[in-house]
Amino acid sequence: MSEDHPSTPAHRSWFDRLSQALSGEPRNIEELLDELRQAQANGLLSNDTLSMVEGAIEVADLTVADVMVPRGQVVSLPANAPFQENLAVVIESGHSRFPVHGDEKDEILGILLAKDLLRCLSDGAPADVRLLLRPVALIPASKKLNILLKEFRLSHNHMAIVVDEYGGVAGLITIEDVLEQIVGDIDDEHDDDDDDDSASRQVTEIDGRWLVNALTPIADFNDRFGSAFPDEEFDTIGGMVTAEFGHLPETGEEISFGGFDFHVSKADDRRVHQFTVRVHAS
């Protein structure tokens, strides 16, 4: 029997240790991850496989609030808007699913699939958007991602609306958002290919300007710049600035308020990723 055969003592030893980690008296997650990393170092797991296993394990510790698209960046459709206006939003955004609301944005009536809208158009007669709605799943921000993934699989839903403790809309989450925590970013034709490590840096100064990650907490921004933006309604700079725009801004759009110019330097059809910020002279 060759030395590389998976049933050699060295391989059996590793599998025995892994089996022990998965059965009998529970051991902590870090010990299990150490075994998996050792397996990767020994060539038994590829880097990609290890990353996916680590992602799958970490998902159990994440909640919906950790990865959801915040309310300020959600593209929703008003049920009472003219058909052509809603159609224009669908085409411009590039999304495949849209929350549809009543008179208030917290009144979610259902989910509109772009393919249902297109099918309606192919039939030659625009319909009341309410007739095209699919049921909506409402979930709390505290729900664990591994539980949500199982619910997505069982219900065949691909989107859920996240509600806060008062029943208002806090954001939305899709099955893609959950899967990306396991397998990494899932790019499509609308995503920006320039995905460098700038997203991991919250605030970076370049030639008197500041590159600010949209996920920077408002409290951290205030600490850095001495500003006093409130964080009761929005947690991140991206959510706050998007709300000021009143729509999901595109790359190149700019708005000024609170003593700052916020220029959208990176965005896709789902959310803003980065701003270039200039501080007004005092």
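Note: the structure precedes this text.
Structural notes, computed from the coordinates. (Residues numbered from 1 in each chain as written. Predicted model: local features only at pLDDT ≥ 70, side-chain atom pairs only at ≥ 80, totals over all residues. Heavy atoms only, no water.)

**Focus on the nonpolar core**
Inference 1: Among the nonpolar cores identified, the biggest contains 38 residues, and Phe-221, Ile-237, Val-241, Phe-262 and Phe-275 are the most heavily contacted of them.
Inference 2: Apart from the residues within four sequence positions on either side, Phe-262 is in contact with Phe-221, Phe-229, Ile-237, Val-241, Phe-245, Glu-253, Glu-254, Ile-255, Phe-257, Phe-275, Thr-276 and Val-277.
Inference 3: Counting 16 residues, the second largest nonpolar core, distinct from the first, contains Val-59, Met-68, Leu-145 and Leu-149. (Core = buried A, V, L, I, M, F, W, Y, C linked by side-chain atoms within 4.5 Å. Buried < 20%, exposed > 50% of the residue type's maximum accessible area, 1.4 Å probe, protein only. Contact = heavy atoms within 4.5 Å.)

**A closer look at the environment of Val-74**
Inference 1: For Val-74, the location among the structural elements is in the loop between β1 (69-70) and β2 (77-78).
Inference 2: Residues Val-74 and Gly-171 lie 97 residues apart in sequence; the distance between their C-alpha atoms is 6.6 Å.
Inference 3: Leave out the neighbours within four places in its chain, and Val-74 touches Val-69, Pro-99, Gly-171 and Leu-172. (Helix = DSSP H or I, 4+ residues; strand = E, 2+ residues; numbered from the N terminus.)

**Structural notes on unusual backbone geometry**
Inference 1: Unusually for a residue other than glycine, His-156 sits at a positive phi of about 65 degrees.
Inference 2: If you trace the backbone, His-156 turns up in the loop between α7 (145-155) and β6 (159-163).
Inference 3: Residue His-156 is classed as exposed on the basis of its relative accessible area, which comes to 65%.

**Some points on the sheet that holds strand β7 (residues 169-174)**
Inference 1: Reading across from one edge, β1-β7-β6-β5 is the order of the four strands in this open sheet, with mixed pairing throughout. The two strands at the open ends of the sheet, each matched to only one other strand, are β1 and β5 (138-140).
Inference 2: Bridging between β1 and β7 involves two bridges; their strand directions are antiparallel. Its bridge partner being in β7, Val-69 is matched across the sheet by Leu-172. (Pairing = 2+ DSSP bridges.)

Just distances and angles here, no functional claims.
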